[in-house]
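The residues making up each chain are set out below.
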Amino acid sequence: FYSLVNFDLSNEAEQNISRFIFSWIIWFFLSLWVYLSTENYWINWIKKILFQIPVVIFTVLFFIWFNTDLDSFENIVFFILTLTWIISFLFFAPYVKNLKEKKLEQNIYYTYFYRFSTIFLVSFILGWLLVLLWNIAIFATFELFDISYNDYKIIANWMVTALCLITPTYALIQVPKKEEYNNSYFNENIFFSFLIKYIAIPFIYVYFIILYAYSIKVLSNFWDWPKWEVSWLVIGFSTFGYIIYIFSYIFEEKNKFIKLFRKYFPYAVIPQIFMLAYAIYLRINQYDLTVNRYFVVVFGLWLFIISIYLIFSKRKYLSFITTILTIFTIIISIWSWWVYNLPVSRQYDRLVNNIEKANILKWEKIVAL
């Protein structure tokens with residue numbers, strides 16, 4: 001980032017450095033979750049280093065595969081999808097062994113999930129707060145003392161320092177050590193409790209009242225097709241609801257309102273999944289798969305599975321939510337089911353079929369009518 005800010009580079013050099021930056025971000029989080037996963041097995045430091053070799057190989061392959069066209073939609077999807085499954089894995093990385101043996105206690109996992117979420121949130125706030133406050137100081141100093149300066153480079157260099165050096169360092173310091181993995185002590189934050197009890201959960205109720213009111217409207221006019229936006233609204237509201245479902249675990253026994261929410265929320269999601277399925281079926285039936293519709297199908301299936309699990313399972317592991325998300329995002333990142341490739345190949349086959357029927361394509365060549 002410093003080189004991009006301070007040097008006048010060729011387009012090819014800028015693209016290669018940008019590819020390196022994206023690859024480094026992947027390496028950073030991938031290396032962290034491998035470290036957290038292996039740490040709980042109490043293996044020696046030499047083996048821990050050896051476990052990082054596949055991480056390096058994956059990063060190199062990612063760098064090679066990541067196209068130099070950084071404006072490409074395919075590249076953006078590729079990067080976000082890879083980053084999503086890696087980060088989601090971080091939220092249960094130390095407990096892979098416990099999950100295999102079905103010995104993960106809810107209180108222990110909740111404490112870890114809460115702490116790790118706090119690391120992300122506080123680091124984000126810290127980084128941008130440092131950027132804002134220091135830039136105010138820079139601006140005031142140069143303006144008051146009439147010093148000429150290149151404001152872009154000074155501000156950009158400080159942003160790189162704050163966001164890419166100080167913030168990740170702070171976050172890594174806060175990551176729990178292996179001695180804390182089995183710690184179930186939760187230090188309740190008053191402001192956090194207020195957000196969960198009086199902001200987040202009431203809004204979940206409001207969101208689902210809106211969705212159910214719309215469902216009634218669609219059912220009363222069944223041939224009036226539901227708007228495509230409803231698919232993403234169901235996914236967005238339900239995902240937000242399950243995030244709050246995890247965070248509200250610790251308050252369940254103290255608050256009847258929260259206990260009611262946690263008991264019936266998975267049931268409330270299921271009918272909306274059918275609304276989502278109906279809406280997306282109509283679009284796929286018309287024009288087949290696109291990247292957008294593929295995501296709707298996958299996330300709809302994810303919500304359906306975790307809802308069914310939380311309804312019928314006696315244990316109701318909170319870690320199941322993030323585990324299934326990780327598995328799903330990995331599956332749709334594999335090339336044959338790759339979220340960009342599968343819709344494109346289906347659309348291509350559909351196009352070929354249509355132009356063959358129209359006698360435009362003959363012997364694999366386009367023939368003018």
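Starting afresh in each chain, residues are numbered from 1 along the sequence in its written order. This being a predicted model, a pLDDT of at least 70 is required before a residue's local features are given, and a value of 80 or more before pairs of side-chain atoms are given or counted; all residues contribute to the totals for chains, interfaces and linings. Only hydrogens and water are set aside when side-chain values are computed; all heavy atoms of the structure are taken into account.

**Some details on the packing of aromatic side chains**
Stacked, tilted and edge-to-face pairs are distinguished by plane angle, under 30 degrees for stacked and over 60 for edge-to-face with tilted covering the rest, among Phe, Tyr and Trp rings (Trp via its six-membered ring) whose centres lie within 6.5 Å. All told, the structure shown has 46 aromatic pairs when counted by the stated rule. Centre to centre, the rings of Phe91 and Phe116 are 5.7 Å apart; their planes meet at 65°, and the pair counts as edge-to-face. Pair noted here: Phe91 is in the loop between helix H5 (73-90) and helix H6 (96-101) and Phe116 is in helix H7 (residues 106-144), with a separation of 25 residues, a long-range link. Taking 5.2 Å as the distance between ring centres and 40° as the angle between the ring planes, the aromatic pair formed by Phe261 and Phe265 counts as tilted. Here the residue Phe261 and the residue Phe265 both occupy positions in helix H11 (residues 256-287), the gap between them amounting to four residues, near one helical turn. In this pair, the class of Phe261 matches that of Phe265, namely buried. Here, a charge over a ring is recorded when the distance from Lys NZ or Arg CZ to the ring centre is within 6 Å and its angle to the ring normal is within 35 degrees. For the cation-ring pair, Arg19 lies above Phe63, with the distance from its terminal atom to the ring centre recorded as 4.3 Å. Only DSSP runs of H or I with at least four residues qualify as helices, and only runs of E with at least two residues qualify as strands; both kinds are numbered from the N terminus onward. For the exposure calls, accessible area comes from a 1.4 Å probe over protein chains only, and a residue counts as buried if that area is under 20% of its type's maximum, exposed if over 50%, partly exposed in between.

**Considerations on unusual backbone geometry**
Positive phi outside glycine occurs at Asp288, with the angle close to 65°. On the secondary structure map, Asp288 appears in the loop between H11 and helix H12 (291-312). Judged by relative accessible area, Asp288 falls into the buried class, the value being 12%. Non-glycine residue Asn359 carries a positive phi angle of around 60°.

**A look at the nonpolar core**
Only buried Ala, Val, Leu, Ile, Met, Phe, Trp, Tyr and Cys residues count toward a nonpolar core, and they belong to the same one when joined by side-chain atoms within 4.5 Å. Trp33, Leu36, Phe116, Tyr242 and Trp302 are the most contacted members of the largest nonpolar core, which has 89 residues in total. Throughout, a contact is declared for two residues whenever any of their heavy atoms are within 4.5 Å. Those residues in contact with Trp302, other than ones at most four positions away along the chain, are Thr239, Ile321, Ile324, Leu325 and Phe328.

**What to know about the pattern of salt bridges**
The term salt bridge refers to a side-chain nitrogen of Lys or Arg lying within 4 Å of a carboxyl oxygen of Asp or Glu. The tally for this structure, following the rule as stated, stands at three salt bridges. The residue Glu252 makes a salt bridge to Arg262 at a minimum N-O spacing of 3.3 Å. With Glu252 in the loop between helix H10 (229-247) and H11 and Arg262 in helix H11, this residue pair connects regions lying 10 residues apart in the sequence. Relative accessible area serves as the criterion here: at 7%, Arg262 is assigned to the buried category.

**A word on the packing of helix H2 (residues 11-39) against H5**
Note on definitions: angles span 0 to 180 degrees between N-to-C directions of axes, and those axes are lines fitted to C-alpha atoms, for helices only across the stretch in contact. Between H2 and H5, the least distance of the axes is 9 Å, while the angle of their chain directions is 20°. Taken together, the axes of H2 and H5 lie roughly parallel to each other. Seen along the crossing, H2 lies across H5 with a hand that is left-handed. Where H2 approaches H5, its residues Phe22, Ile25, Ile26, Phe29, Leu30, Leu32, Trp33, Leu36 and Ser37 are matched on the opposing element by Phe79, Thr82, Leu83, Trp85, Ile86, Ile87, Phe89 and Leu90. Within the contact of H2 with H5, the residues separate by chemical class into 15 nonpolar, two polar and no charged. The labels follow the angle: roughly parallel below 35 degrees, roughly antiparallel above 145, roughly perpendicular from 65 to 115, and oblique for the rest. Here a crossing is called left-handed whenever its near helix is offset anticlockwise from the far helix by less than a right angle, and right-handed whenever the offset is clockwise. Gly is put with the polar residues, along with every residue not named as nonpolar or charged; the nonpolar set is Ala, Val, Leu, Ile, Met, Phe, Trp, Tyr, Cys and Pro, and the charged set is Asp, Glu, Lys and Arg.

**Digging into a nonpolar patch on the surface**
Taken together, the side chains of Trp45, Ile46, Ile49, Leu50, Ile53, Val56, Ile57, Val60, Leu61 and Ile64 define a hydrophobic patch exposed on the protein surface, amounting to about 1000 Å² of accessible area. Breaking the nonpolar patch down by element, the ones donating at least two residues are helix H3 (45-51) and helix H4 (53-65). Counting residues per element, the nonpolar patch draws most heavily on H4, at six residues. Mapped onto the fold, Ile53 is located in helix H4. Every patch collects residues that have over 30% relative accessible area and no salt bridge, joining them within 9 Å if they carry like charges and within 5 Å if they are nonpolar side chains (Val, Leu, Ile, Met, Phe, Trp, Tyr). Using a 1.4 Å probe, accessible areas were evaluated by the Shrake-Rupley method; residue-level cover was limited to the displayed protein chains.

**Details of the confidence of the model for the chain**
Averaged over all residues, the pLDDT of the chain equals 88, while 97% of them reach at least 70. One number per residue, pLDDT, summarises how confident the predictor is, and it ranges from 0 to 100. Mean pLDDT in the chain bottoms out at H6, which sits at 80, and peaks at H12, which reaches 94.

**A look at the side chain of Gln52**
Tracing the backbone through its elements, the reader meets Gln52 in the loop between H3 and H4. Leaving out residues up to four positions away in the same chain, Gln52 has contacts with Ser31, Val34 and Tyr35.

**Notes on the environment of Phe312**
Relative to the elements of secondary structure, Phe312 occurs in helix H12. C-alpha separation for the pair Phe312 and Ala200, spaced 112 residues apart in sequence, amounts to 25 Å.

**Regarding helix H13 (residues 319-331)**
Helix span, as expected, comes to 1.5 Å for every residue beyond the first. With 13 residues, H13 should cover 18 Å at 1.5 Å per step; its first-to-last C-alpha distance of 19 Å lies within 8% of that length. Along H13, the residues classified as buried are Ser319, Ile321, Thr322, Thr323, Ile324, Leu325, Thr326, Phe328 and Thr329. Where the residues of H13 are buried, they touch H5, H6, H7, H10 and H12.

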